Amino acid sequence: MIATDNGGGGTFEQAPVGAHPARCIKLIDIGTHHGEYEGVPNVRHQIIIGWELPGERIQSGDYAGQPFTVSEFYTLSLGEKSKLRPMLESWRGKPFTDDELRGFDLANLLGKPCMIQVGRNKKDRAKVQAVMSLPKGLAVPEQFNPSVYFDLSNFDRAKFDGLSDGIKGLIEKSDEWARMQGTPTDKAPEYDPDVPF
C-alpha cells in the first residue's frame, strides 16, 4: 500500500482521471463517527475501501514506478439507500440476494479486480466516481501492493500500528476507540472524510 505524508498541506501526484482496471487492496474499518448532513446530526459506521491502478504508475518521488492507489469512504451498510450497496452490485454485475444481504463478508473484496472511474473532488484530489465489473476478456495485472485489512471489532495492535498516521487518526476519533480507551462516546469528535490517502 502506498501512503504519503504530505505535511498537512503539500501537494502530491494524483491518479489520472478516467476509467482504469483496478484491484482491491485495502479494507479498513475506521469505526463509528458523528457528523452532520444538511443540518441534521448523524452517526455512521465508516469503512475505507482502496484500490490500486496497475496500469497507471507514479512518475516522481519516493514511489516512482509504483501503481497509483485510490480510496473511498463508505458507510458500513447494505441498506437500499446506502452508497456501498449499489457500488458493490455494479462491481459484481448483479444484485444481492436476500441471503447475501443478511451478511456479506467484505473481506472477499480483497484482491478482486474491477474497473474504476476516477474523477476529481472540489479540492482537485482523485475521487472514485464509480466501480464496475471488469469487461470480459480484460485481464488485470497481479497485485503489486500487499493487501491491508483492519477490523475494529477484532482489534489487532500490530495491524493498527502498520496503518498510516492519517488513518490511525480517523480511527482514534471513533466511538469504538473511545470505548477501548474508557472514554464516553456521546461527544466523539467529528472527522474529515476528505483526508488524502
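Residues numbered from 1 in each chain as written. Predicted model: local features only at pLDDT ≥ 70, side-chain atom pairs only at ≥ 80, totals over all residues. Heavy atoms only, no water.

> Just checking my understanding: could you explain the environment of leucine 109 for this structure?
Mapping leucine 109 onto the fold places it in the loop between α2 (98-101) and β4 (113-120). C-alpha separation for the pair leucine 109 and cysteine 24, spaced 85 residues apart in sequence, amounts to 6.3 Å. (Helix = DSSP H or I, 4+ residues; strand = E, 2+ residues; numbered from the N terminus.)

> It is not clear to me how the packing of aromatic side chains should be interpreted in this structure. Could you clarify?
Ring pairs (aromatic) are described by centroid distance and by the angle formed between their planes. Summed over the entire model, instances satisfying the criterion amount to seven aromatic pairs. Arranged with centres 6.1 Å apart and planes meeting at 45 degrees, the rings of phenylalanine 150 and phenylalanine 160 form a pair that is tilted. Within this pair, whereas phenylalanine 150 is found in strand β6 (residues 148-150), its partner phenylalanine 160 is found in helix α3 (residues 157-161), the two being separated by ten residues in sequence. Judged by relative accessible area, which is 2%, phenylalanine 150 ranks as buried. Classification of phenylalanine 160 as buried rests on a relative accessible area of 2%. Taken together, the aromatic side chains of Phe150, Phe155, Phe160 and Trp177 make up a single cluster linked through ring pairs. Taking NZ or CZ as reference, lysine 83 lies 5.1 Å from the ring centre of tyrosine 74, over its face. (Phe/Tyr/Trp six-rings, centres within 6.5 Å; stacked < 30°, edge-to-face > 60°. Buried < 20%, exposed > 50% of the residue type's maximum accessible area, 1.4 Å probe, protein only. Lys NZ or Arg CZ within 6 Å of the ring centre and 35° of its normal.)

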